Amino acid sequence: MTTTGPDLVVVGSGFFGLTVAERVASQLDKRVLVIDRRDHIGGNAYSAPEPETGIEVHVYGAHLFHTSNERVWRYVNQFTEFTDYQHRVFSIYQGQTYALPINLATICQYFGKSFSPDEARALVAEQAGEIETAEAANLEEKAISLIGRPLYEAFIRGYTKKQWQTDPTELPAAVIARLPVRYTFDNRYFNDTYEGLPKDGYTAWLQRMADHPNIEVRLSTDYFDVRDELPADVPTVFTGPIDKYFGYEAGELGWRTLDFETEVLPIGDFQGTSVMNYADEDVPYTRIHEFRHFHPERDYPQDKTVVVREFSRFARTGDEPYYPINTPEDRAKLERYRELATKEAAEKRVLFGGRLGTYKYLDMHMAIGSALSMFDNRIRPFFDQGGSLDGRLED
């Protein structure tokens, strides 16, 4: 990048921010400054080799790429090849291991009997008839009305209680929209058209997105420390927490966060699969990742493995936010922040996007698709035609 100032500032180097930066740099030939408070690129998708074993670890929790969006799939393939990895998840409950999502194999194993698809469907329907979905007053009743009490108590209750640190009877029914049950033996976790993991890892993929002469990346830089030094007339795409941007004027938004406990074990294989859920309430973690299984094609050590235990809790001020809690109080605060965001776009040319900037849980493909839409609908017209920016939060 030349010494000339940027045409656009992007705050945050996750998938949303880097997609916007790459499109503006490559398609509009504009200069982009990307600022990130962390000392690495990529936001929560960042991955790095564990020093002792060289096994690539997803530092902020497992990231599985999958999409049915043709445009997103074509776009990401410009920067990485993908393996043929298909994600499968298992759950341990009372000393037995079951396949998830709940499918015909899970049902047959749990009830100790072979069922045809129609027999299994009838069994679940009978058990779910205990409670009418429309009358469900909390998460527990909603789940029972969808899959019946036995399957709920085995695979949902304990796991959910650990995830939310709250008894499911005290959680609103709206927390779950549906609980998938497959009446086949298909245990592939995702149903999307495309699925895989980046062959060279997430960090290599993200670095390629940022590798453009029009893009400058400044790491270990807090936007709030430097924003007064940035040109006031340069538009900004902000992907940090929207409540923090506005000084928590309407209050802090609620999030859940994750804690990770990493261990190198002197064995070649700990659990035989990449992700194992733990459904029992007395096991403090929700799941264990074993990262060697994400890339079986790689030449990893045969005498060591890396496992990461994942714990879920409510985020406190200063924690990394992962999942929006989205209570009615949160939604009321968000409405106020949406109003402020619209005003900020009109007056200061600031757009808000990404998971933190919109207070929405976005999978990677959703963040990329949302960023492409923002580029098409707001950023490109702004640079091509001038005028004001539309300040709606990007879906």
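Given the structure is predicted, the values throughout are model-derived calculations rather than measurements.

**Notes on the UniProt feature "domain: UDP-galactopyranose mutase C-terminal" (unreviewed entry) in the chain**
Phase 1: According to UniProt, the "domain: UDP-galactopyranose mutase C-terminal" (unreviewed entry) feature falls on residues 154-361.
Phase 2: Taken end to end, residues 154-361 is 25% helix and 21% strand, and its two terminal C-alpha atoms sit 26 Å from one another.

**Side note on helix H8 (residues 202-210)**
Phase 1: With seven of nine residues buried, H8 is to be regarded as a mostly interior element.
Phase 2: Here H8 has its buried residues at Tyr 202, Thr 203, Ala 204, Trp 205, Leu 206, Met 209 and Ala 210.

**Some words on the pairing of strand S12 (residues 275-278)**
Phase 1: Alternating residues of S12 divide into Val 275 and Asn 277 and Met 276 and Tyr 278, and every residue in both groups is buried.
Phase 2: Of the pairings in the sheet, the one linking S12 to strand S13 (residues 287-290) comprises three bridges and is antiparallel in character. Across the sheet, the residue bridging to Asn 277 is Arg 287, located in S13.

**Quick look at the sheet that holds strand S2 (residues 32-35)**
Adjacent strands of a sheet pair through backbone hydrogen bonds, lying either parallel or antiparallel.
Phase 1: As summarised here, the arrangement of the five strands in space is S9-S2-S1-S10-S16, forming an open sheet in which the pairing is parallel. Two strands in the sheet have a free side with no partner beyond their single neighbour: strand S9 (215-218) and strand S16 (350-352). Strand-to-strand twist of the sheet, defined as the mean angle between neighbouring strand axes without regard to direction, takes the value 20 degrees.
Phase 2: In this structure, strand S1 (residues 8-11) lies alongside S2, joined through four bridges in parallel fashion. Note that in S2 the partner of Val 9 across the bridge is Leu 33.

**Description of the pairing of strand S11 (residues 255-265)**
Phase 1: Across two bridges, the pairing between S11 and strand S15 (residues 323-324) is antiparallel. When the bridges of S15 are listed, Trp 255 appears paired with Pro 324.
Phase 2: Two elements, S11 and strand S14 (residues 305-314), share ten bridges in a ladder whose sense is antiparallel. Following the sheet pairing, Leu 265 is matched in S14 by Thr 305.

**Side note on the sheet that holds S13**
Phase 1: An order of S7-S6-S12-S13-S14-S11-S15 is seen for the seven strands of this open sheet, with the pairing classed as mixed. Only two strands of the sheet have a single neighbouring strand rather than two, namely strand S7 (96-100) and S15.
Phase 2: As paired strands, strand S6 (residues 89-93) and S7 are joined by five bridges and run antiparallel to one another. Counterpart to Ser 91 in the pairing with S7 is Tyr 98.
Phase 3: On top of the sheet, helix H3 (residues 104-111) reaches S6 and S7; it is set at about 155 degrees to S7, its chief contact.

**Let's talk about unusual backbone geometry**
Phase 1: Across the junction of Leu 100 and Pro 101, the peptide omega takes the value -10 degrees, indicating a cis bond.
Phase 2: Within the fold, Pro 101 resides in the loop between S7 and H3.
Phase 3: One non-glycine residue, Gln 165, lies in the positive phi region at around 50 degrees.
Phase 4: On the basis of relative accessible area, Gln 165 is assigned to the partly exposed category, the value being 47%.

**Concerning the packing of aromatic side chains**
Phase 1: In total, this model carries 34 aromatic pairs according to the counting rule given.
Phase 2: Aromatic pair Tyr 75 and Phe 79: ring centres 5.2 Å apart, planes at 70 degrees, arrangement edge-to-face. Across the pair, exposure class does not vary: Tyr 75 and Phe 79 are buried alike.
Phase 3: Ring plane angle 85 degrees and centroid distance 5.1 Å describe the contact between Tyr 189 and Phe 190, whose orientation is recorded as edge-to-face.
Phase 4: Since its relative accessible area comes to 37%, Tyr 189 is described here as partly exposed.
Phase 5: The buried category is assigned to Phe 190, whose relative accessible area is 16%.
Phase 6: Through pairs of rings, three or more aromatic residues link up here, namely Phe 15, Phe 65, Trp 73, Phe 82, Tyr 194, Tyr 202 and Trp 205.

**Describing the pattern of salt bridges**
Phase 1: Counted according to the given criterion, the structure contains 29 salt bridges.
Phase 2: Taking the shortest distance from any N to any O, the salt bridge between Arg 38 and Glu 320 comes out at 2.9 Å. Highlighted residues: Arg 38 in the loop between S2 and strand S3 (47-49) and Glu 320 in the loop between S14 and S15, separated in sequence by 282 residues.
Phase 3: Judged by its relative accessible area of 24%, Glu 320 is partly exposed.
Phase 4: A salt bridge links Arg 309 to Glu 261, with the shortest nitrogen-to-oxygen separation between them at 3.5 Å. Here the residue Arg 309 occupies a position in strand S14, and Glu 261 occupies one in strand S11, the gap between them amounting to 48 residues.

Calculation rules
- Residues numbered from 1 in each chain as written.
- Predicted model: local features only at pLDDT ≥ 70, side-chain atom pairs only at ≥ 80, totals over all residues.
- Heavy atoms only, no water.
- UniProt positions renumbered as here; feature names shortened; annotations may be inferred.
- Helix = DSSP H or I, 4+ residues; strand = E, 2+ residues; numbered from the N terminus.
- Buried < 20%, exposed > 50% of the residue type's maximum accessible area, 1.4 Å probe, protein only.
- Pairing = 2+ DSSP bridges.
- Axes fitted to C-alpha atoms, helices over the stretch in contact; angles between N-to-C directions.
- Contact = heavy atoms within 4.5 Å.
- Phe/Tyr/Trp six-rings, centres within 6.5 Å; stacked < 30°, edge-to-face > 60°.
- Salt bridge = Lys/Arg side-chain N within 4 Å of Asp/Glu carboxyl O.

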